[in-house]
Structure formats: C-alpha cells, structure tokens
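Chains, contacts and geometry: an overview
So you can see what is in the structure, the chains are spelled out below.
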Amino acid sequence: MSIDLSLDRIQKLASHLPPYTRPTCHITGTNGKGSVSALLTSIFRSAGLTQDVVIGRFNSPHLVSVHDSITLNDVPVSSDLYAAARSRVVQADTDHAIGASNFELLTCTALNIFETVRVDVVVLEVGMGGRLDATNVIPDEAVLVSAMTAVDLDHQAFLGGTVAAIAREKAAIARCGRPFVLGKQIHDEVEPIVQDVIEQTGAHLLAAPTIKRRAWDEGRDGPHPLANHIPPPPTPVLAYVPCFGAPIQALLPLQGEHQLENLAVALGIVSAVRTHASIHPPWIDRITPENIVRGIKNAQWSGRLSWHTMPGLVAPILVDGAHNAASAKTLAAYIASLSRDDQPLRLTYLLALSSSPPKTPTQTLAPLFSLNADIGVAPLPFSPPEGMPWVRHESRSALVASISELAPDAVVWDGGGHDESQNAPALLRSALNWAARRQEEKGGLIVIAGSLYLVADFYRLLAETE
C-alpha cells in the first residue's frame, strides 16, 4: 500500500461518526513534535488537571504497540476502549465504501476515543506534513492553538523537494483566528513562508519564548551532579514565558540541546492558550509557574536520546529514533558532547533505516559517521510495524554500502551467521551480544538508532529481558 495524502476520505469518514469537538493543541514540524507533545502533556498533568480533567494525546508512529499512540492522562488506552472505537470507525468505512487508509482509520479511532471519553484537552501530533495530513480533519472550532517545530528535509516525495515547500505544507494546519506558535528554525526560508501562510489564513503568529541554559543551583536543584556522569543529569533552564511576569527556572530531563527549542514550543503553546486562544478552558488558569516546573521535571519521552541498562551490559545503552539527516545530526552532536578530551571516542552502532526514497541511507547516516571515533556497526532490519504495510526496512547490502562509503575503517558485524530471513528481534539480540563483547573489550558507547521501529524492537526485547 502506498501513501496517498488527501483529506477527501477522512472527511467523508468523519461525517459518518460523531462530530469532533474536543479542545485541541495541534503540533506539526519535521523533528521534535513528539517531545513537544510529551512536555505539554506532562505540564498539563502536573497542574493537577488529572484530578478532574482528562488529557488525550495522539502520537504517530506508535512505539511498541498501536495502543501507545493513543493515551489518556499519559496511559495507553485499554484494549477494550481501542477495539470498540476501531470497530465503529471500520464499520463506518465499510458501510460507506470509503476505503480509508490505515493511518486515517487510526486517526479517526483516536479522535473517536477522545470524543467518546469527552476528554478536556487533546495534544495532537501531525503524522506527515500538515495540509493533507489526516489529523487536519479536525474542525476550526476545536483548535485551541497550532504549533510548528523546526522544519527540515524529510518525506520529500510527498511534501516537496525543498524546505520552503515542506514548510508551506506544514504551516497549513493554521486556523483562522487561532494562535500559531512558531519554534526556532534552522533554515532562513521557513519563517517568511509561515508568515505568508498565516497572513492568508487569518491566524495569529506567535514566536516561541526564549529558553536558556543556566548554572546549576544546589539550593533549587539539589546536589551538583558528578562531572562526565553517564547518563547525564537534567539540564537547568531559564524560561521567559510571555503569560508570566517572572522567568521560570526548571530542570529539563529530556536530553540534547534541541530539547530547549522543543520546550520553548511547549511553553509557547501554554502561553498562547492562556492569552490568545478563542477557547479559554477554565482549567488553564491552574497552570502556574510552579506546576510548569514540576511538569518539565516529570516529562518522559521514550526512544529519543533515552538511556537504558540491560543485564549483561556494563554500560547503559543510548537509544534514539533518529530517522533523517537532521535528527542524525542532532544525535551526533549529543554523542560528541559526551566525549572526554582525555579519551578517544569509541562507538558501537546498531542501525536500521526505513526505505524512504529519495532519501538515501548515506544522507541519513552521514552525521553519525562524521565523528572522529573507533566505530563498529551492526546493520539490522526491524519488525514490520503494525498497521503500516508500506513501511519497509533498507536491506543489509544497502546499509553496508553506505557504511563502507562513509566510514571505510568501521568494523561491520557479519550478522553472526544469520541473514535477513531471520526475524528482526533475533538479529537484534545477536547484535546486542556482539556489541556487549565489543564494549567489554574497547569500552565506549552502544547506540541503537536510525529508525523508531528498531527502537520498538529494542523495547520489546528489553521488556522480555526484564
């Protein structure tokens, strides 16, 4: 099945289901959407809203199970609730011969669950692009605020071959009379494009607030962490949020410099809902600076610069679903920040990639192999993700060819006598055993990256091990 971006099918399908009316924060961008949604949900929860307010969240793709893409108060929906909503959606699709795609069915299932439960606020992540993404089916009157994280090249076959074209597609989630929070951009052409779309739409453009690193304050933050600690401690940050008079000082646990920009978007959404939203939910006034500090500190987002330990491995494993050149560059910068001047950098990568022309493995992997390091690599497949038959992994031969081009001196795992006809979890288990032996001999980091679907295989294996 190929991807056919269109709102025609899902609009028809939605017309045969209960109208969607939930107040929604709609988030697009190339990278960082999930982190923003996790931070925003944690802030909402830490405001004590879950005592009498239900927060729905929809992220894609799912991580381990399709149920974890739809959460209520940060808990994946139950199998029964999911099955009942899915049945209603599939029945409507069948009765009216709509032929909705798997993602359209999943999106309608999430929206139907949120409507059935009557959640008080929804944090909704765009799947791909924006203008023709299935999530853009929500009506104008349901939108509290729209937001965009950094835009870069990805999914060019569907969104356009330039950053400008992609930015225009993503900005098209803007709604008339609603605030639109724009995060910091790395490409100069994005902001003028967004301004043009906002002007045509009649939305209100707001810049994400400023977030800065600050010094560790033992009185506020607790004992100072040890130098070169692995995994690293949270980052002390200072946030200037327009809706509050004084800056907010917090500890940000999500790793990587880019998370400061994602936090800025999340706080921009909070501020926009308080000051600019046409809908002003009564619970929004409960979000105080103190609650925001707690929400930031409690935020979790698995599979993105996450650290984990496994039996048999001395050092923790760094896991990141870096799937394009921009996110691989972010991962590489983070790895470089962990290196010590007195020790050579040693890396053992376990890598898989989705096949996504015109993006090539070489383009995606180049930042990871630009590091001056002793590198070992295990090229891997991943398990087919549930409900996404169009997703295929790059072949071992394609990955090996790119590795040979980028890092001819890298040690490439031979597959341990297995081939790709073996199931992906078995190959991952063998590759981890190889990585553990290499780590014992050489030290350094073990990094699982390149595809969120490989990360999902790791989490399933970790659950079995534990």
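Here goes a summary of the coordinates provided. All of these numbers come straight from a predicted model, not from anything done at the bench.

Concerning the pattern of salt bridges
Counted according to the given criterion, the structure contains 13 salt bridges. One salt bridge in this structure joins glutamate 115 and arginine 22, with 3.6 Å as the shortest N-O distance. Of this pair, glutamate 115 sits in helix α4 (residues 102-117) while arginine 22 sits in the loop between α1 (8-14) and β1 (24-28), placing them 93 residues apart in sequence. We note that glutamate 115, like arginine 22, is buried. Aspartate 374 serves as the salt-bridge partner of arginine 438, at 2.8 Å between the closest nitrogen and oxygen. Of the two residues, arginine 438 is situated in helix α14 (residues 424-442) and aspartate 374 in strand β15 (residues 373-379); the sequence distance between them amounts to 64 residues. With a relative accessible area of 6%, arginine 438 lands in the buried category. Given the relative accessible area of 27%, aspartate 374 is considered partly exposed. Linked by salt bridges that have partners in common, Arg22, Glu115 and Arg118 make up one network.

Some details on the layout of surface pockets
In this model, the second largest pocket occupies a volume close to 800 Å³. If you trace the second largest pocket, you find 32 residues lining it, with Gln300, Trp301, Ser302, Ser306 and Tyr459 closest to the centre. Put simply, the parts of the chain that give the lining of the second largest pocket at least two residues each are α10 (289-298) and β12 (306-308). Of all the elements, β12 adds the most residues to the lining of the second largest pocket, at 3 residues. Looking at the lining of the second largest pocket, its residues break down into 16 nonpolar, 11 polar and 5 charged.

What counts and what doesn't
By convention here, each chain's residues receive numbers from 1 onward along its written sequence. Side-chain atom pairs in this predicted model are given and counted only at pLDDT of 80 or more, local residue features only at pLDDT of at least 70, and totals for whole chains, interfaces and linings cover all residues. Calculation of side-chain values draws on the structure's entire complement of heavy atoms; hydrogens and water are dropped beforehand. A carboxyl oxygen of Asp or Glu within 4 Å of a side-chain nitrogen of Lys or Arg is what we treat as a salt bridge. Labels follow the DSSP assignment, with helices taken as runs of H or I lasting at least four residues and strands as runs of E lasting at least two, numbered in each case from the N terminus. Throughout, exposure labels follow a simple rule: accessible area from a 1.4 Å probe, protein chains only, divided by the maximum for the residue type, with under 20% read as buried, over 50% as exposed, and the rest as partly exposed. A cavity here means a set of 1 Å grid points, computed over protein atoms only, where a 1.4 Å probe fits but cannot escape. A pocket is an open set with protein on both sides within 12 Å along at least 5 of 7 lines, and lining residues have an atom within 4 Å of a point. Grid points are joined across faces, edges and corners, and a volume is the space filled by probe spheres set on the points. In this count, Pro and Cys sit with the nonpolar residues alongside Ala, Val, Leu, Ile, Met, Phe, Trp and Tyr, while Asp, Glu, Lys and Arg are called charged and the others, Gly among them, polar.

Read these as layout, nothing more, since geometry by itself doesn't imply function.
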